[in-house]
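If you want the building blocks of each chain, they are given just below.
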Amino acid sequence: MKAYFTKLLIYLCISYTSISLTAAVYNLVNGNEPGSANTLVMFAFCLISSIVLSFYELLPDVSPLAMIIIQYLVACALCAVLLLILSLIEPISPKGWFEYYRSFTIPYIIWAGIYYFSVYLDTRKKNDLLKEIQKKEKE
Amino acid sequence: MKLNLYEDKKTKEEHVDVYFTNMRPMIRQLIDTVNSERPMLSGRPADEDLDDGDEIMIDPKEVYYLDFVDRKLFAYTGDGVFRVMKTLAECEELLWNYGFVRVSKSDLVNVFKIRTLKPAFNMKVYACFDNGEKICVNRSYKKKFDEYLQEMRRMA
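Residues numbered from 1 in each chain as written. Chains lettered and ligands numbered in written order. Predicted model: local features only at pLDDT ≥ 70, side-chain atom pairs only at ≥ 80, totals over all residues. Heavy atoms only, no water.

1. Considering the overall build of chain A
And step 1. Scanning chain A from N- to C-terminus turns up four helices and zero strands.
And step 2. Reading chain A from its N terminus to its C terminus gives the helix and strand order α-α-α-α.
And step 3. The C-alpha atoms of chain A give 21 Å as radius of gyration, which overshoots the globular expectation for 139 residues (14 Å, by more than 25%).
And step 4. Counting only C-alpha atoms and orienting by the principal axes, one finds that chain A spans roughly 75 × 35 × 25 Å.
And step 5. Residues classed as buried in chain A amount to 26% of the 139 residues present.
And step 6. Partitioning the intrachain contacts of chain A with sequence separation of at least 6 by distance along the chain shows that 48% fall at a separation of at least 24.
And step 7. Counting only carbon and sulfur atoms, one obtains 74% of the accessible surface of chain A, whose full area is about 10,000 Å². (Helix = DSSP H or I, 4+ residues; strand = E, 2+ residues; numbered from the N terminus. Rg over C-alpha atoms; globule rule 2.2 N^0.38 Å. Buried < 20%, exposed > 50% of the residue type's maximum accessible area, 1.4 Å probe, protein only. Contact = heavy atoms within 4.5 Å. Areas by Shrake-Rupley, 256 points an atom, 1.4 Å probe, with all protein chains shown as cover.)

2. Remarks on the interface of chain B and chain A
And step 1. Listed by partner, the interface residues are 29 residues for chain B and 30 residues for chain A.
And step 2. Of the roughly 2,600 Å² buried between chain B and chain A, counting both surfaces, carbon and sulfur atoms make up 59%.
And step 3. Our count for the chain B to chain A interface comes out at three salt bridges.
And step 4. Where Lys126 of chain A meets Asp146 of chain B, a salt bridge forms, and the shortest distance between an N and an O atom there is 2.8 Å. (Buried area = accessible area lost by both parts, 1.4 Å probe. Salt bridge = Lys/Arg side-chain N within 4 Å of Asp/Glu carboxyl O.)

3. Some details on the domain arrangement of chain A
And step 1. According to the domain assignment, chain A consists of domain 1 (1–35) and domain 2 (47–139).
And step 2. Put simply, the middle of domain 1 of chain A and the middle of domain 2 of chain A, counted by C-alpha atoms, are 23 Å apart. (Domains from an automatic or database assignment.)

4. A short note on the pairing of strand β4 (residues 72–77) of chain B
Residues and elements named next belong to chain B.
And step 1. Counting buried positions over the six residues of β4 gives five, a clear majority of the element.
And step 2. Where strand β3 (residues 63–69) meets β4, six bridges bridge the pair, whose relative direction is antiparallel. Looking at the pairing, Asp67 lines up with Phe74 of β4.
And step 3. Count of turn residues in the β3/β4 antiparallel hairpin: two residues, of which Asp70 carries a positive phi of about 50°.
And step 4. Examined bridge by bridge, β4 and strand β5 (residues 80–84) share five bridges and lie antiparallel to one another. Bridge pairing in β5 links Phe74 to Arg83.
And step 5. Counted between consecutive antiparallel strands, the loop separating β4 from β5 contains two residues. (Pairing = 2+ DSSP bridges.)

5. Here's the deal with the layout of surface pockets
And step 1. Size it by volume and the largest pocket reaches roughly 1,200 Å³.
And step 2. Along its surface, the largest pocket is lined by 29 residues, and Phe45, Cys46, Ser49, Ser50 and Leu53 of chain A are the ones closest to its centre.
And step 3. Broken down by secondary-structure element, the contributors of at least two residues to the lining of the largest pocket are α1 (2–30), α2 (36–53), α3 (64–89) and α4 (94–138) of chain A.
And step 4. At nine residues, α2 of chain A tops the list of elements feeding residues into the lining of the largest pocket.
And step 5. Looking at side-chain class alone, the lining of the largest pocket contains 21 nonpolar, eight polar and no charged residues.
And step 6. Two domains each donate at least three residues to the lining of the largest pocket, and these are domain 1 (1–35) and domain 2 (47–139) of chain A.
And step 7. The space that makes up the second largest pocket amounts to roughly 810 Å³.
And step 8. As for the second largest pocket, its lining consists of 17 residues, of which Asn4, Tyr6, His15, Val16 and Asp17 of chain B are closest to the centre. (1 Å grid on protein atoms, 1.4 Å probe; cavity = no way out; pocket = protein on both sides within 12 Å on 5 of 7 lines; lining within 4 Å. Points joined across faces, edges and corners; volume = space filled by probe spheres on them. Nonpolar A, V, L, I, M, F, W, Y, C, P; charged D, E, K, R; others polar.)

6. Quick look at the pairing of β3 of chain B
Looking down a regular strand, the side chains alternate between one sheet face and the other.
Residues and elements named next belong to chain B.
And step 1. Counting buried positions along β3 yields five of seven residues, so the element is predominantly enclosed.
And step 2. Sheet topology note: the β3/strand β7 (residues 107–110) ladder contains three bridges and is antiparallel. Looking at the pairing, Asp67 lines up with Asp107 of β7.

7. What about helix α1 (residues 25–34) of chain B?
And step 1. Of the positions making up α1 of chain B, those classed as buried are Pro25, Ile27, Gln29 and Asp32 of chain B.
And step 2. In this structure, the buried side of α1 of chain B is in contact with α4 of chain A together with α3 (142–155) of chain B.
And step 3. At the C-terminal side of α1 of chain B, Ser36 of chain B shows a positive phi close to 55°.

8. Some words on unusual backbone geometry
All names here are of chain B.
And step 1. For Arg71, which is not glycine, the phi torsion reads 60° and is therefore positive.
And step 2. Within the secondary structure, Arg71 is located in the loop between β3 and β4.
And step 3. Residue Met123 is not a glycine yet carries a positive backbone phi of 75°.
And step 4. Locating Met123 in the fold gives a position in the loop between β8 (114–119) and β9 (125–129).

Structure below.
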């Protein structure tokens, strides 16, 4: 069941992203909607964040907490570079920069907290499993 | 497990019959014992840097974990630390049925000797043993460790 919902969620994400991107590119080319560029920028941020987060398995000796902080800083830096390049085309106000960091940091902290909590829950579950195995071995 | 022993002076060939519901590690251990293939680790006391101590046989059941340091493999038991003349990969294969699973590049732990698993503040998970020592379960090996525990439960 879990695998089914995971698959479903992946399909949903892919189809929604494809439709949004196609619509944004189409609107941008035809000059229909001014917000289309924002959609593309948001997609670029998501892409950078996903690539950075996918390196979680690297540096196994670094603690997960340190890795989360490092990944946050790297993702922030890469997104800032992207914004800096974009600001050459269209200037970004200081409030724009602040808004960007706020909208990036809040979900990141929430997900990091969920991950932190899941580590504790998972360890507790594994402890129960260990006790069960040890008990059966003694019988 | 119920054990029946029969003494029969007329038996020409001594034999063991095992009735089991599924081939779990304990049954495999029993088979190894009957076939005289029960793995034993030969090692030498690791105190100081002497390698010429008497070689002794170590029962895997007594081992908490195996640690590979400076190209040497050490077995940590309740009676002390012993240097084992095998590679970690060999031990991993040999002791799979005996509760040993890899938790990092250099450590193989005995799941039957783990007292508890504890997450630290930095989110690292440690396997704590009865002797007070702890070994980090590396996140690269987390999946393998989980699968091993599930497999052990399924077979137990």
